[in-house]
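As a plain string of letters, each chain reads:
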Amino acid sequence: MIDELRAALDSDRVMESKLELHLYGRDAGVYRGNPSVVAIPETTEEVVEIVKIAGRHEAPVVARGAGTGLAAGAVPTEGGVVLVTTRMNQIHEIDPVKRTAWVGPGVINLDLSHAAAPYGLYFAPDPSSQAACTVGGNIANNSGGPHCLAEGSTVNHVLALEVVLPDGTLEVIGSEAPDPIGLDLRGVMVGSEGTLGIVTRALVKLTPIAPDIRTLLCSFSSISDAAETVSGVIARGVVPAALEMMDQRIVEAVENWLHAGLPTHAAAILLAEVVGETAAVEAEADLIAEVARANKALEISVAAGEDERALLWKCRKSAFGAVAQAAPNYYLHDTVVPRTRLVETMNKVYEIGRRHDLLMMNVFHAGDGNLHPLMMFDASEPGMIEKVQAAADELVEVCVKAGGALSGEHGIGREKRDLMPLMFNTADLDAQARIKETFDPFGRFNPGKILPAGSRCFDQSGALPPGAWV
Amino acid sequence: MTAWVTDFAPTTAELNSCVACGLCLPHCPTFRLTGLESASPRGRIAAMKGVAEGVLDLDADFEEAMTFCLNCRACEAVCPSMVPFGRAMEGARAEITAQRPTARRRLRHLLLGRLLSNRGLVGLATDGVRVMQRLGVSRILPGRLGRGLRGLRPLRPVRAPALNGSGPTIGLLVGCVMNKWFSGVNTAAVELLTRAGYRVAIPGEQTCCGALVVHDGGIDEGRRLAAINIRAFDNVDRVVATAAGCSAHLKSYGKVISEGAQIAAGAADITQVIAELIASGKLPTLAADSGDVVLHDPCHLRHAQRSTEPPRQILRAAGYHVIDADPEGLCCGAAGIYSLLRPATSRELGTRLANLIDDRGELVATSNPGCEMQIRSHLDRGYRIAHPIELYLEAIRSSG
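Residues numbered from 1 in each chain as written. Chains lettered and ligands numbered in written order. Predicted model: local features only at pLDDT ≥ 70, side-chain atom pairs only at ≥ 80, totals over all residues.

**Q** Give me the overall build of chain B: which residues, what numbers.
**A** Summing up its helical and strand segments, chain B has 23 helices and eight strands in all. Each of the 400 residues in chain B was classed as buried or not, and the buried ones make up 55%. (Helix = DSSP H or I, 4+ residues; strand = E, 2+ residues; numbered from the N terminus. Buried ≥ 20, exposed ≤ 12 C-beta atoms within 10 Å, placed from the backbone.)

Now the structure itself:
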């Protein structure tokens, strides 16, 4: 297979050294895999070739962008070919009139926004890793970000996708029209984590940059005051562009790095952003401040200019990285709870941390109830990984029982695969498995992800004798 | 069980501080060029970790991954976990030197350690280059050599600067290459510091700071040079270097040898000192309008020292309107001796920066000799490239 791949691509873009395989065996999360080869295509045609060659050799294909994922979506847990899209990073076309762009899957999220800025446009999904992560990865995980509260997640910004299917055929799903004729399969492909197809080009929507913006920083002496403020703001009919919470531990870690003057004495801070016309923005900022005051805010300040605003967001978006100061490893979770149950869930989250003797930090998208509890640990301590996993499973269960969801934006990947039955009954899982089977009957694309073993009610993946009756 | 054999190896704490978030990736020039994990800071740290844990071998692939790095430390400046990447990389290269010895590298370290620290030899080389410049040899020399020669300034005979003043004493690290080939910068430094009331000492026993050889994994030579400088600058209040690469390395002397902590604590880049003096009014802020200048930040100032304001403050005080050469701050490709070891990658980055400058203006300022040579050799004639303090001193003189 490797020889065939070398013949199809430049030989230096097919790698099998021990070192390269080690590096491509992981993403930004905790899972590890062992790929047999790494291929770096530059064109759609090369992706087709790789998929066909891997298919002939019955090898799995795992697509990977920048490898900033946290749920092991791009980790080759069952070996095979890691297909890296970083060199398919061309912005093919920006249409400022239609406000769309055709991009390669390896384009970095923030690069697209920078390229669109001269036209007064940007790409709205803004995961915290946006300076590094790729649009392909955003599509695979239906990524959100602080600003998806008002703007929606990636699926709301994808018009069409050119995809290579597991049998090597090339299809275009969707069109420039917002409502394509026939079945709208974009929603099936977006968020499928490379299990149904590999995106080789995407037509994405670009959003006009708002004429005015206000970013507020509010600090509180308790998490519940902050959480009440979040519910209060939304109950008053304002949907801020972003509404983010960081707890004291996180603020300390970030402050230690950036010295941005964040209030490290507060139990929690809220970062709220409103965008739009100046008058509306001012009214909404006033209302948020009023709700915060009513909930005993310690301080309320408004970012004085673009530099201050950028610094606040840098604090928020670098939070995950900054935690390494506390312990060498972290396990970051991604779950959702109804906003109304934020306070009780947060209390349970800290309680789980205490019970398992794990330092728990929290930084999250409070506006849409998307929690990101971080557990800090040292993986070199024996038994630690199991302990963390047990605590993590409890966390998810607490959130799902509160009426929440398994994942807000990071995807299921391998990490939460076996927790899927918490959310879905056998009929639900069977329906999803049927979709997977339709696209990928031989289970070649990113096997072992999203759907737990046995999802198909009558799982036929095992070798059945011909004529067997199930 | 560790795979390392030197006391300069990457430490477990250094390697563990990386959580593999990947925020460094887009800031890494070699990752930008290749898209490869092994050419990214995160990948390089993971490779070091792999070797440390015995999962990977310290083999040719490891050496390739480490030596492809420019050690520009752009990753370090954007790392929320504050991974000391530059330090770890120097450690990994020291290990490569120890565990994969080659005659070529030994010779290189000998040259970097002994030739650059020998003023007579640098002087001799200088004379040779001066003659070649007179004869216009650069035009007929092939590729790399010709480009290298074009990158140099027209050499002027070096004059020993006069020592005056009675204030606190600044020890000037004049630099191995800097003092011969960029003497105008040292002359300007002495004049500005003296004007501001400092006494400037230039100890004769000083030597090359050792940055180039330590970056290349030559820790033994690097420690020898550091020890000489620590003795030479024993009697000054603080040591100041006129090249960003040297000032960054002086600040890391404490990591090179334990006796280096004191000199490191007081070390500064000349731009930082002059900017302070302008801010405190000891040096003038001019009302003149000097026009546009395109500023290139050397990596070892911008990233390694997180210092971006001082050169801008100096140029603004000189009446210039400052335009950033490259808002992304990618390395120019000079990176010490990288331009000699990896000419193709160096050229790719040099051309990229030259194109950016080309769009922006004709007067360029930068504060590191390697960057200056690299930029000059990639730009057409008709551009002037100078150190911010030279432009500042000129502005003071012409304003009377």
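Now that the structure has been shown, we can carry on.
**Q** Tell me about the interface of chain B and chain A, and please be specific about residues and values.
**A** Chain B puts 26 residues into the contact, and the matching count from chain A is 29 residues. Secondary structure elements with two or more residues in the side of chain B that touches chain A: α3 (41-52) and α4 (60-67) of chain B. Considering each element in turn, the side of chain B that touches chain A owes the most residues, four residues, to α3 of chain B. A per-class count over the side of chain B that touches chain A returns 16 nonpolar, eight polar and two charged. (Contact = placed C-beta atoms within 7 Å. Nonpolar A, V, L, I, M, F, W, Y, C, P; charged D, E, K, R; others polar.)

**Q** Residue-level account of the sheet that holds strand β4 (residues 268-269) of chain B, with values.
**A** All names here are of chain B. Spatially, the four strands line up as an open sheet ordered β2-β1-β3-β4, and their pairing is parallel. Looking at which strands have only one partner, the edges of the open sheet turn out to be β2 (199-201) and β4. With three bridges joining them, strand β1 (residues 169-173) and β2 adopt parallel strand pairing. Within the sheet, the bridge partner assigned to G171 lies in β2 and is A201. The sheet contacts of helix α11 (residues 183-195) involve β1 and β2, and relative to β1 the element is tilted by about 175°. (Pairing = 2+ DSSP bridges. Axes fitted to C-alpha atoms, helices over the stretch in contact; angles between N-to-C directions.)

**Q** Break down the domain arrangement of chain A for me, citing the residues and quoting the values.
**A** Residues and elements named next belong to chain A. Per the domain assignment, the segments of chain A are domain 1 (2-84), domain 2 (91-208), domain 3 (212-320) and domain 4 (327-417). One C-alpha centre belongs to domain 3, the other to domain 4, and the line joining them spans 22 Å. With 18 residues of domain 3 in contact, the opposing surface of domain 4 contributes 13 residues. Secondary-structure elements contributing two or more residues to the side of domain 3 that touches domain 4 are α8 (223-235), β13 (242-247), α9 (248-258) and α12 (319-322). For the side of domain 3 that touches domain 4, the class distribution of residues is 13 nonpolar, two polar and three charged. (Domains from an automatic or database assignment.)

**Q** Outline the pairing of strand β12 (residues 212-220) of chain A, supporting the account with residue identities and numerical values.
**A** Regular strands show a simple pattern: their side chains alternate between the two faces of the sheet. Residues and elements named next belong to chain A. In terms of burial, β12 is a largely internal element, seven of the nine residues being buried. The sheet contact formed by β12 and strand β14 (residues 268-276) spans nine bridges and is antiparallel. Across the sheet, T215 pairs through a bridge with E273, a residue of β14.

**Q** Quick one: what's the story with the sheet that holds strand β16 (residues 329-332) of chain A, residue by residue and with numbers?
**A** Residue and element names in this part refer to chain A. The seven strands lie next to each other as β15-β12-β14-β13-β18-β20-β16, forming an open sheet whose pairing is antiparallel. Because the sheet does not close on itself, it has two edges, and the strands there are β15 (299-302) and β16. The sheet shows a mean angle of 20° between the axes of neighbouring strands, direction not considered. Of the strand pairs in this sheet, β13 and β14 are connected by six bridges, and their pairing is antiparallel. Its bridge partner lying in β14, A242 is registered against E273. Each of β12, β13 and β14 touches α8; the most contacted strand, β14, lies at about 20° to it.

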